[in-house]
Amino acid sequence: MLSDDRQLIETPISEETVFRGALIDVSHMQVRLPNGRTALREIVHHKGAAAVVPIDEEEYVYLVRQHRVVNDMLTWEIPAGKLDTADEDPLHCAVRELREETGLKAEHMEKLSHIVTTPGFCTEKIGLYLATGLSQHEDHPDEDEFLRVARIPLKEAVQRVMSGEFQDAKTALGLLMAWQKLHPSYK
């Protein structure tokens, strides 16, 4: 068993971009392994994203229903979207996506976490935020976005995470973190 984390580090040797896309870039990286051998790592470069758990004063959460063609599934998700640029503040993105997808504005936005979605091959990081003090305004979904918004009790949403019904990772973690934030003594 390795006792020192330094014995786990892979050292990049070279990297070559093999695909440039509208949403992602892909590169091949050669690395030196801790044992001295080399290996190929395929890396998906992503600008990042932000997601927000909007909870109203009655402790209902707003979720969006959409079809995810990549996995051919209809999902319930917290409002989220990609950063416009790699250096965009994720909080700014979260505020924008909340308004676009649900029409909601929040008086308070609190950072829950920054998560890495698939650290084995992708650079995507998602800022997770809790939104409270909500007020309803007009939504403005992107023209290629087809959504349905639902308002459900947060407790029910957490139960649906725990039953495996809500499978989107950012949504599951965001809901669980929001629940814990609002109910720190709940066991």
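To keep things clear, this report deals only with the structure shown in the data block.

Here we come to helix H3 (residues 169-182). For H3, with 14 residues, the first-to-last C-alpha span of 20 Å sits near the 20 Å given by 1.5 Å per residue. For H3, every residue scored as buried is listed here: Lys170, Thr171, Ala172, Gly174, Leu175, Ala178 and Trp179.

The subject of this paragraph is the pattern of salt bridges. If charged atoms from side chains of opposite charge come close, those side chains can pair. In the structure shown here, the tally under the stated rule is 14 salt bridges. Arg96 serves as the salt-bridge partner of Glu88, at 2.5 Å between the closest nitrogen and oxygen. Note on accessibility: Glu88 and Arg96 belong to one class, buried. With a shortest N-O distance of 3.7 Å, Arg96 and Glu97 are connected by a salt bridge. Overlapping salt bridges bring together Arg68, Glu77, Asp168 and Lys170 as one network.

Attention now goes to the nonpolar core. Within soluble globular proteins, side chains that are nonpolar generally end up buried alongside one another. Ranked by internal contacts, the top residues of the largest apolar core, which has 25 residues, are Val53, Val61, Leu63, Phe166 and Leu175. Counting eleven residues, the second largest nonpolar core, distinct from the first, contains Ala50, Tyr129, Ala131 and Leu134.

Conventions used here
Residue positions are given per chain, counting from 1 as you read along its sequence in written order. pLDDT decides what is reported in this predicted model: residues at 70 or higher carry local features, side-chain atom pairs at 80 or more are listed and counted, and totals for whole chains, interfaces and linings draw on all residues regardless. Note that water and hydrogens are dropped before the side-chain values are worked out from all heavy atoms of the structure. Every helix listed is a DSSP run of H or I at least four residues long, and every strand listed is a run of E at least two residues long, numbered separately from the N terminus. One less than the residue count of a helix, multiplied by 1.5 Å, gives the span that helix is expected to have. Relative accessible area decides the class of each residue, using a 1.4 Å probe on protein chains only: under 20% of the type maximum gives buried, over 50% gives exposed, and in between gives partly exposed. In what follows, salt bridge is the name for a side-chain nitrogen of Lys or Arg lying within 4 Å of a carboxyl oxygen of Asp or Glu. Residue types Ala, Val, Leu, Ile, Met, Phe, Trp, Tyr and Cys, when buried and joined through side-chain atoms within 4.5 Å, form a set referred to as a nonpolar core.

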